[in-house]
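Coordinates in review
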Protein chains: 2
Amino acid sequence: MTWGTPQPERADAARNRQLLLATARGLLAEVGPDCLTMDLLAERSGLGKGTVFRRFGSRAGIFQALLDDSERALQQEVLAGRPPLGPGAPPVDRLVAYGRARIRFLAENQDVARATLDGRKTAGRRRPLSEIHIRVLLRELDLPGADADVLAGQLAHALDGPLLFQLFAGPELAGPTPTARFEAGWRDLVERVCGQAGTPAD
Amino acid sequence: MTWGTPQPERADAARNRQLLLATARGLLAEVGPDCLTMDLLAERSGLGKGTVFRRFGSRAGIFQALLDDSERALQQEVLAGRPPLGPGAPPVDRLVAYGRARIRFLAENQDVARATLDGRKTAGRRRPLSEIHIRVLLRELDLPGADADVLAGQLAHALDGPLLFQLFAGPELAGPTPTARFEAGWRDLVERVCGQAGTPAD
DNA sequence: TGCGTAAACGGGGTAAAGTCCGGTTAGGTC
DNA sequence: GACCTAACCGGACTTTACCCCGTTTACGCA
């Protein structure tokens, strides 16, 4: 179920997953996330409703899959990209850069991110990549007296929470102005938590 | 609509709101939050379904109202309680105390808190009291170079997020053990953000 | 105390999420 | 290449949140 394990998935199943994802993206652009119903998605993709639910579990699951798919690019940059975001820079700088990237990512995919949350059936609710990445960086920093696991969760939520909240409030979020404030706030928070940044003694 | 304004509400409407809240609490204990349907609530309270929706807007709205109601006690302690939590103590100590209280509150009302989130219709989504209270305390601290509004949002989400996430994951959360870890984590986070606590120079 | 109005009430109706199970097909094995 | 099994597919069915609008009721005012 996780990405590391090469679990077998039948060829037609994989094909249909891709078809559904593509169709969902099309419908998303065409009718918007609120009008994207499971029936419509099934009909447009030429599949049965049961198939849609088998693949994604719930309505929220589709949006989650869509978001994961978009997130893959960011994930690549983090794992093997250029230094401020990718490996090679001091952990604090990487934390700041990651927050910046994450905020922009969420702002760009705001409607999908929003749709991820609704629905009674909890869509997996895996621990997000943000938290894992933050935890790794915190471990590298080895902050004295800190519980890296808990702190990672706190920071991950501090990063996503306020932005998502704002996305819920206003129907739209326009230019880069509001995200800039969150980006500055994130830098400030990271520097406070990690004790004065800028001078990575190494 | 806010609590400060004494907006007029017809007597029968207020009476029914109380009746619905009480009935909902009863049903919550009897059948659990998942089986608490709007039809059932309407029937048990002897009212029409339309009335239920008029009062609370959505299913999530009921749980939100329930949670608000429970939160009132905590709110009182914050506004006029004894020092560590209430006014009189240094802001950092109050922040730590508030987090402790909030975590316990959420842990106690975990099922209601969880039910608050689901449903497609966003239930109001007001800025929670946590954030407001934290913002006030941060303003008192007057941290140099910090954006108190943004920071308050970050801390509020850092406080609630990890715990709510955990509540979603496991169906139940037993003793005080897991919350203790969050409480310690919160104290640590606050002290880091506010720059070494314990010694409020004043 | 009788009247007008604006709000609250009721409960049947709708749409959409999620379930079920009989039929079909992919892919490994001999 | 025939066969077997497990996984997949389809679409009708059920449940439930939410809407609508005709009817009733509380409350201010003359």
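Notes on the structure in this doc start here. (Residues numbered from 1 in each chain as written. Chains lettered and ligands numbered in written order. Predicted model: local features only at pLDDT ≥ 70, side-chain atom pairs only at ≥ 80, totals over all residues. Heavy atoms only, no water.)

1. As for the interface of chain A and chain B
For clarity, the threshold we go by: Contact definition: two residues touch when any of their heavy atoms are within 4.5 Å. Accessible area, probed at 1.4 Å, shrinks when two parts are joined; the buried area is that loss added up over both. Salt bridges are defined by distance alone: a side-chain nitrogen of Lys or Arg within 4 Å of a carboxyl oxygen of Asp or Glu.
In this assembly, 34 residues from chain A lie in contact with 34 residues from chain B. Per-residue buried area on chain A facing chain B is highest for Arg120, Phe165 and Arg192 of chain A; these three make up 24% of the total on that side. On the surface where chain A and chain B come into contact, there are four salt bridges. The salt bridge partner of Arg181 of chain A is Asp147 of chain B, with a shortest N-O separation of 2.7 Å.

2. Regarding the relation of the copies chain A and chain B
Our working rule: The atoms used to superpose the copies are C-alpha atoms, taken from residues with pLDDT of at least 70 in both, and the fit is least squares.
Superposing chain A onto chain B takes a rotation of 180° plus a shift of 0.0 Å along the axis, which leaves an RMSD of 0.0 Å. Accordingly, the operation relating the two chain copies is best matched by a two-fold axis. Here 100% of the interface residues in chain A have copies in chain B that are interface residues too; the copies meet face to matching face.

3. Quick word on the protein's contact with DNA strand C
The cut-off we apply is this: One heavy atom within 4 Å of a molecule or strand is enough for the residue carrying it to be called near that molecule or strand. We call two N or O atoms a polar contact when they sit within 3.5 Å, provided that within protein one can donate a hydrogen and the other can accept it, with sequence-adjacent residues counted only if both atoms are side-chain atoms. Helix numbering and strand numbering both begin at the N terminus, where a helix is a DSSP run of H or I of at least 4 residues and a strand a DSSP run of E of at least 2. Here the term charged refers only to Asp, Glu, Lys and Arg, the term nonpolar to Ala, Val, Leu, Ile, Met, Phe, Trp, Tyr, Cys and Pro, and the term polar to all other amino acids, Gly among them.
Taken together, 22 residues surround DNA strand C, and among them Lys49 of chain A together with Asn16, Gly48, Lys49 and Arg54 of chain B come closest. Taking all atoms of DNA strand C within 4 Å of the protein, the share assigned to sugar and phosphate is 56%. Lys49 of chain A places a polar side-chain atom, nitrogen or oxygen, 2.3 Å from a base oxygen of DNA strand C. Taking Arg59 of chain A, its main chain carries an N or O atom lying 3.0 Å from a phosphate oxygen of DNA strand C. For the surface near DNA strand C, the elements supplying multiple residues, two or more each, are helix 1 (11–31) and helix 3 (49–56) of chain A together with helix 1 (11–31) and helix 3 (49–56) of chain B. Here the surface near DNA strand C takes five residues from helix 3 of chain B, the largest share from any one element. Here the residues of the surface near DNA strand C sort into five nonpolar, six polar and 11 charged.

4. Here's the deal with the nonpolar core
Here is the rule: Here the nonpolar core consists of buried residues drawn from Ala, Val, Leu, Ile, Met, Phe, Trp, Tyr and Cys, with membership extended through side-chain atoms lying within 4.5 Å. Accessibility here uses a 1.4 Å probe with only protein chains present; expressed as a share of the type maximum, an area under 20% marks a residue as buried, one over 50% as exposed, and anything in between as partly exposed.
By size, the foremost hydrophobic cluster in this structure holds 101 residues, and its most contacted members are Val193 of chain A together with Val193 of chain B. With sequence-adjacent residues up to four places away left out, Val193 of chain B is seen in contact with Leu189, Arg192 and Val193 of chain A together with Leu143, Leu151 and Leu155 of chain B.

5. A look at the protein's contact with DNA strand D
Close to DNA strand D lie 23 residues, the nearest being Asn16 and Arg54 of chain A together with Ala11, Lys49 and Arg59 of chain B. Within 4 Å of the protein, the contacting atoms of DNA strand D are 62% sugar and phosphate, with bases supplying the remainder. Gly48 of chain A has a polar backbone atom sitting 2.8 Å from a phosphate oxygen of DNA strand D. Mapped by element, the contributors of at least two residues to the surface near DNA strand D are helix 1 and helix 3 of chain A together with helix 1 and helix 3 of chain B. When residues in the surface near DNA strand D are grouped by element, the largest group, five residues, is from helix 3 of chain A. Among the residues making up the surface near DNA strand D, the classes are represented as five nonpolar, seven polar and 11 charged.

6. Some details on the pattern of salt bridges
Side chains that differ in sign of charge can pair as their charged atoms come close. Residue and element names in this part refer to chain A. A complete count under the given rule lists 32 salt bridges over all chains for this structure. For Arg139, the salt bridge is made with Asp149, and the minimal N-O distance between the two is 2.7 Å. You can see Arg139 sitting in helix 7 (residues 129–141) and its partner Asp149 sitting in helix 8 (residues 148–169), a full 10 residues away along the chain. When its relative accessible area of 28% is taken as the criterion, Asp149 is described as partly exposed. Its salt-bridge partner being Glu191, residue Arg187 comes within 3.5 Å of it at the nearest N-O pair.

In short, shape yes, function no, at least from these values alone.
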